[in-house]
Each structure stands twice: as C-alpha cells, then as structure tokens.
Amino acid sequence: EMEAALRRATAVGPLFVGVFANQDRAEVKRITEEVGLDIIQLSGHEGWADLDFYAPYAVINAEHVGDKTTVEELEGKVGPESSAVLMLDTKHPTMEGGTGQAFDWTIARQVQERRPLFVAGGLDPANVAACVQQVRPFAVDASSGMEVAKGVKDPRLVHDFVRNAKAALHERGLISDMPLAAPAK
C-alpha cells in the first residue's frame, strides 16, 4: 500500500524527505508542515506504534541491523506495510546512520521476500549494484558514501551511485530504457 503510493507520487516528480532521529514527534510534524516535506524518514528508535500520527505524510521507518539481528527479530518489531515503508540500516552503538558501514545483506534479501524495503548503510558507488542485484530493494539510500568530506556531497559520486544502481536494474531486465549520461559539469 505504502509502496504503491510512493510509486504514484514519484511518477509526478521528486519527493522531499526529511530525516529525523529520536526527535519529538510533534516537532517532526511541525517541521514537515513548515518546510513542505513529502516524506518523513525516522532513522532513530521511534518504533512502530502510533505512526498514523504523521498522517497525511508517508513515513519511512528505519530498523537497525547488527551482526546478531535475525529476520524473526525484525518481523517482531516492524508494523504493517500500511503504516510505513521499512528501511534497514546498519546498527551502530552511537550513530543513527551515516556510519559508512554496510550490514550483511542476506537478512535484507530475506525480509525483501516478505515485504518491500529500502536498504541503507554503507552504500556507495562501488557496492550499490551488488546490493540492488542481491536484495532487489524497493529503494536504496546513501549519505556518507556520497561525501568527499563530512557533510559535503560530491556530484560525481552521486552520479556514479545512481548510474550503478540503474545499471544493476537494467542487467536484471527490470528497466529497459536507461540513459547513462555523464553528470553536468
């Protein structure tokens, strides 16, 4: 349900996503309304209860995957697809994302067989194609893998990331028309 809504929305144009971690939910909604975001991404430990509070906004909700995380553990935590899109990210003792570290995609592939998901955590131009081919996620999310310095995105890395992700889809026959133009200078 949420996946279908996101597909319809992205057909119209780009969507604006606000990324929040462990913030007061009323503050998250106020910021979302004030700046005109389309999607709320919860990247902390907000959980799955009461996500309807954020209506009418779509929600991406992160679960953090560690070395000992199991599919059964994740399935016990996550709510229904109608409440939020699931994003799997790397578990870290002090950070809520942007670690530059990938997790074992085996668990993501197993979860993807049951429900659509986003994959985040350590993705960069060098590994995004492998992730797309192995997991077949609904979407991929990257941050630090696109940076030349903390908080500074490199347009070339962004271009290569998108090109490599699309090329992986093309190789699997999932998309047929894919321009691979060089980035604007």
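Model, not experiment: these values are computed from the prediction.

### Description of the pattern of salt bridges
Part 1: Under the defined criterion, the tally for this structure stands at 8 salt bridges.
Part 2: K153 is the partner of E147 in a salt bridge, and the nearest nitrogen-oxygen pair spans 2.7 Å.
Part 3: Connected through shared salt-bridge partners, E27, R30 and E34 make up one network.

### Comments concerning the packing of helix 4 (residues 105-112) against helix 5 (residues 128-135)
Between two packed helices, both the angle of their axes relative to each other and the distance between the axes serve to describe the pair.
Part 1: It is at 9 Å that the axes of helix 4 and helix 5 come closest, and there the two elements cross at 40°. Between helix 4 and helix 5, the crossing angle belongs to the class labelled oblique. Of the two possible hands of crossing, helix 4 and helix 5 adopt the one that is right-handed. On helix 5, the residues that touch W105, A108, R109 and Q112 of helix 4 are A130, C131, Q134 and V135.
Part 2: The residue inventory of the contact of helix 4 with helix 5, partitioned by class, reads 5 nonpolar, 2 polar and 1 charged.

### Observations concerning the nonpolar core
Part 1: With 33 residues, the main nonpolar core has L88, F103 and V119 as its most contacted residues.
Part 2: Put simply, the parts of the chain that give this core at least two residues each are strand 2 (39-42), strand 3 (58-65), helix 3 (71-77), strand 4 (85-90), helix 4, strand 5 (117-119), helix 5 and helix 6 (155-171).
Part 3: Once residues lying within four places of it in the same chain are set aside, the contact partners of V119 are L88, F103, W105, A108, C131, V135, P137, A139, V140 and D141.
Part 4: Among the nonpolar cores identified, the runner-up in size contains 9 residues, and I39, V85, F118 and A139 belong to it.

### What to know about the sheet that holds strand 5
Part 1: Read from one edge of the open sheet, 6 strands run 1-2-3-4-5-6, paired in parallel fashion. Strands with a single pairing partner mark the edges of an open sheet, and in this sheet they are strand 1 (17-20) and strand 6 (139-140).

### Details of unusual backbone geometry
Part 1: Here the amide bond leading from A55 into P56 is cis, since omega sits at 15°, within 30 degrees of zero.
Part 2: Considering the arrangement of structural elements, one finds P56 in the loop between strand 2 and strand 3.
Part 3: A positive phi angle, close to 60°, is found at D50, a residue other than glycine.
Part 4: Examined against the element boundaries, D50 turns out to sit in the loop between strand 2 and strand 3.
Part 5: One non-glycine residue, R136, lies in positive phi territory at about 60°.
Part 6: Along the chain, the position of R136 falls in the loop between helix 5 and strand 6.
Part 7: Under the relative-accessibility criterion, R136 is labelled partly exposed at 39%.

Rules used in this analysis
- Throughout, a residue's number is its position along its own chain's written sequence, starting from 1.
- Thresholds applied to this predicted model are a pLDDT of at least 70 for local features of residues and 80 or more for the giving and counting of side-chain atom pairs; totals over whole chains, interfaces and linings are not thresholded and use all residues.
- As a rule here, side-chain values come from all non-hydrogen atoms in the structure, and water together with hydrogens is ignored.
- Only one rule defines a salt bridge in this text: a Lys or Arg side-chain nitrogen within 4 Å of an Asp or Glu carboxyl oxygen.
- Only the stretch in contact is used when fitting a helix axis, every axis being a line fitted to C-alpha atoms; angles between N-to-C directions are given from 0 to 180 degrees.
- Each helix corresponds to a stretch of at least 4 residues labelled H or I by DSSP, and each strand to a stretch of at least 2 residues labelled E; elements are numbered beginning at the N terminus.
- We call two directions roughly parallel when the angle between them is under 35 degrees, roughly antiparallel when it is over 145, roughly perpendicular when it lies between 65 and 115, and oblique otherwise.
- Handedness of a crossing follows from how the near helix is turned relative to the far one, being left-handed for an anticlockwise turn of less than a right angle and right-handed for a clockwise one.
- Should any heavy atoms of two residues lie within 4.5 Å, those residues are considered in contact.
- Think of it as three bins: nonpolar holds Ala, Val, Leu, Ile, Met, Phe, Trp, Tyr, Cys and Pro, charged holds Asp, Glu, Lys and Arg, and polar takes everything else, Gly as well.
- Joining through side-chain atoms within 4.5 Å is the link that ties buried Ala, Val, Leu, Ile, Met, Phe, Trp, Tyr and Cys residues into a set, and such a set is a nonpolar core.
- Burial status follows relative accessibility: with a 1.4 Å probe on protein chains alone, a residue under 20% of its type maximum counts as buried, one over 50% as exposed, and anything between as partly exposed.
- A strand pair is defined by DSSP finding two or more bridges across the two strands.

On their own, these measurements won't tell you what the molecule is for.
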